[in-house]
Amino acid sequence: MPKTKGQGIIFGIIMSYAMAYGMEVYNVAIKMGVNLSAGGFSNMTNMIFWEALKEALYMGVFVFLFSNLWGNRMGAAFMQRHCNPETDNPYFCQLMRQAGTVAVMCPTMSLVASILFNVILAGASPLQLPAIWVGTFLKNFPMAFFWNMFAAAPFTRWLFGKLFPAKSAASS
């Protein structure tokens, strides 16, 4: 795990883009109607991954910004309310932090996406924003939660560990 401010920034960038890309793959596939066809998401094409990559390039910036402004802090506060790092399993505490962060970041990013994709780019009335936001949140939360728990966070920890291997106690 990050031991310096610089490592924390790199960890945050990896996590932000891992989350943004996974969520964009999901949302682009839905936008293209893949989920409605016979076979559902099994009918995804390579074009979905390309389109998602283009959107994730700028959505990752929003994820990084908002997670650093409040998402990470509120996730840590959630963990502190539901786990005691001195007595609870460290993995449980890690999961509580992830869950708390997703519980804050999913509504935040759903609002960003609603404003950007529905109001600004698609021309929906700003008066419809609350309903659009709720619908976007309901669609995205299950994916955000499970993507974070089982893909983005493990991938980020794995890649970060490859970039910054922990020094063993024997070599110190």
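About the criteria used
- Residues numbered from 1 in each chain as written.
- Predicted model: local features only at pLDDT ≥ 70, side-chain atom pairs only at ≥ 80, totals over all residues.
- Heavy atoms only, no water.
- Phe/Tyr/Trp six-rings, centres within 6.5 Å; stacked < 30°, edge-to-face > 60°.
- Lys NZ or Arg CZ within 6 Å of the ring centre and 35° of its normal.
- Salt bridge = Lys/Arg side-chain N within 4 Å of Asp/Glu carboxyl O.
- Helix = DSSP H or I, 4+ residues; strand = E, 2+ residues; numbered from the N terminus.
- Buried < 20%, exposed > 50% of the residue type's maximum accessible area, 1.4 Å probe, protein only.

S.K.: Explanation requested: the packing of aromatic side chains in the structure shown.
M.R.: Within a pair of aromatic rings, the relevant descriptors are the distance that separates the centres and the angle that separates the planes. If you walk through the whole model with that rule in mind, you get 10 aromatic pairs. Among the aromatic residues, those joined into a ring-pair cluster are Phe137, Phe141, Phe145, Phe146 and Phe150. Here the guanidinium or amino end of Lys31 rests over the ring plane of Phe117, the centre of that ring lying 6.0 Å away.

S.K.: Teacher, can you tell me more about the pattern of salt bridges here?
M.R.: Pairing between side chains of opposite charge can happen when the charged atoms of each approach one another. All chains considered together, the criterion is met by 2 salt bridges. The closest approach of N and O atoms between Glu55 and Lys31, which form a salt bridge, is 3.0 Å. Of this pair, Glu55 sits in helix H2 (residues 46-82) while Lys31 sits in helix H1 (residues 5-31), and the two are 24 residues apart along the sequence. The exposure class assigned to Lys31 is exposed, which follows from its relative accessible area of 58%. Across the salt bridge formed by Glu51 and Lys54, the nearest N and O atoms sit 3.2 Å from each other. With Glu51 and Lys54 both in helix H2, this residue pair falls 3 residues apart, about one helical turn. Judged by its relative accessible area of 37%, Lys54 is partly exposed.

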